[in-house]
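Per-entry structural report
For reference, the chains in residue letters:
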Amino acid sequence: MATCPFSEYLEAFYDGELDDSRRSEIVSHLPQCGSCAAELRCLQAMSRMLLSGSSPKLSQIGLYRLHERVDQAMEDGVLRIVRVLSAIAACVLVAGSAWLMRTREDRAVENATPVAPPWADVVEASDSPSGAYSTPAAAWYLADDSARSDETP
Amino acid sequence: MVQHNPGADDIELMRRAAAGEAGAFHALVDRHAQRLFRLAVSLVGNAVDAEDVLQETFIGALRGLRSFEGRSSVRTWLSRILVTQAARWHRDQRRSRTQPMDESIPISAGGADSPPDVGMDVNAAMQRLSPEHRQVLVMREFEQMSYDEMAEVLGIPRGTVESRLHRARSEMREKLKAYLP
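Below you will find a few notes about this structure. The structure presented is a predicted model; accordingly, all values stated were derived computationally and were not measured. (Residues numbered from 1 in each chain as written. Chains lettered and ligands numbered in written order. Predicted model: local features only at pLDDT ≥ 70, side-chain atom pairs only at ≥ 80, totals over all residues.)

The next thing to look at is the overall build of chain B. Along chain B, the regular secondary structure elements total nine helices and zero strands. Starting at the N terminus, the α and β elements of chain B follow one another as α-α-α-α-α-α-α-α-α. Counting the 181 residues in chain B, one finds 38% classified as buried. Taking contacts inside chain B between residues at least 6 apart in sequence as the whole, the part at least 24 apart equals 61%. (Helix = DSSP H or I, 4+ residues; strand = E, 2+ residues; numbered from the N terminus. Buried ≥ 20, exposed ≤ 12 C-beta atoms within 10 Å, placed from the backbone. Contact = placed C-beta atoms within 7 Å.)

In structure tokens form, the structure reads like this:
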């Protein structure tokens, strides 16, 4: 049996998915074609059957549980943000404390009384016109130096 | 006369929910829960798992509030999340079960001993469809979605929607032929 060329458009026609011109063609074709009319009746019957089946409804307690779960997810989201912010704040605090300690140490070093190097006295002594050597090291150094100059031929 | 536009209300609720208004999101839940639950039951086959899928759908929507750009309707967007969650549920089921539950549901139509129950047989026939075929049939018959909407929700071409829907209807017709003209 040859199939009607319009049959391939029947489902789209039934679902309201055809453009106007094609829809008009089908509408005028249907009264003349028994197989297409039967096919359309079958599609309608199946839709009725599907819709007449038990339509599940979400119970009140189910809806309540759904809202509760949403609330819980919202709280989790807020808690996650709070946790991230706390972690960032803790990092800033630790880094800030370390920086402060370092700065304080640097200042302490800068403010400490400078310790005179051992040769400072030597320089002072050699520059002094009186020739008084205040430290034994300076005396030794200069004495040794003059001894060496005496030995030079 | 002021036209009531539920889509526009949805967009407004989405905007407020994205701005952190919890009540707006709860209003969206109230608005779409029943419809999505029906879709979820059709996709997973039972109310208990459908409730879990529905919860995951709204949690997913809550997390993705800021990613909603308004290019599709809220209804389509939520349906798309639901389909994704249902697909995930089916994957988990396949991992944990050796025999799918669908195969164990008998169809009584044509049986001589017991009177046939149309509702039960329709549900059983639906569950014996492949998930891909069941999806399009439910979206079309229960949700009255257009081919374009279904294509968007499922992320497939419109032509694929049409061919899947045609095959789903052919299978259902074969399974329920005892009831059909």
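Mapped onto the fold, H67(A) is located in helix 4 (residues 60-111). For H67(A), the contacting residues outside a window of four places in its chain are H26(B) and V29(B).

It is worth spelling out the interface of chain A and chain B at this point. Counting from both sides, the interface comprises 25 residues of chain A and, opposite them, 33 residues of chain B. Mapped by element, the contributors of at least two residues to the side of chain A that touches chain B are helix 3 (34-52) and helix 4 of chain A. Residues that form the side of chain A that touches chain B fall into these classes: 13 nonpolar, six polar and six charged. (Nonpolar A, V, L, I, M, F, W, Y, C, P; charged D, E, K, R; others polar.)

The next point concerns the environment of L129(B). Residue and element names in this part refer to chain B. Structurally, L129 can be placed in the loop between helix 6 (118-127) and helix 7 (131-141). Of the residues examined, L129 has 20 C-beta atoms within 10 Å and is grouped as buried. Put simply, L129 and R167 are 38 residues apart on the chain and 9.8 Å apart in space, counted from C-alpha to C-alpha. Other than its neighbours up to four places away in sequence, L129 contacts R134, L137, A168 and E171.

This brings us to helix 3 (residues 47-63) of chain B. Since there are 3.6 residues in each turn of an α-helix, residues three or four apart along the chain are aligned in direction. Helix length check: helix 3 of chain B, at 17 residues, gives a terminal C-alpha distance of 24 Å against a target of 24 Å (1.5 Å per residue), a fit within 8%. Along helix 3 of chain B, the residues that are buried comprise A50(B), E51(B), V53(B), L54(B), Q55(B), T57(B), F58(B), I59(B), A61(B) and L62(B). (Expected span 1.5 Å × (residues − 1).)

What follows covers the nonpolar core. Residues and elements named next belong to chain B. Counting 53 residues, the largest nonpolar core has A40, L54 and L82 as its most contacted members. When residues of this core are assigned to domains, at least three fall in each of domain 1 (1-98) and domain 2 (102-181). Not counting chain neighbours up to four residues away, the residues in contact with L82 comprise L36, L39, A40, V53 and T57. (Core = buried A, V, L, I, M, F, W, Y, C linked by C-beta atoms within 7 Å. Domains from an automatic or database assignment.)

This part covers the packing of helix 4 of chain A against helix 2 (residues 22-44) of chain B. Close contact between helix 4 of chain A and helix 2 of chain B brings their axes to 11 Å; oriented N to C, the two are set at 145°. In terms of crossing hand, the pair formed by helix 4 of chain A and helix 2 of chain B is right-handed. Together, L63(A), L66(A), H67(A), V70(A) and M74(A) of helix 4 of chain A and A22(B), F25(B), H26(B), V29(B) and A33(B) of helix 2 of chain B make up the contact between the two elements. Class assignment of the residues belonging to the contact of helix 4 of chain A with helix 2 of chain B gives a composition of eight nonpolar, two polar and no charged. (Axes fitted to C-alpha atoms, helices over the stretch in contact; angles between N-to-C directions. Left-handed = near helix turned anticlockwise from the far one by under 90°.)

These results come straight from atomic positions and should not be treated as a statement about function.
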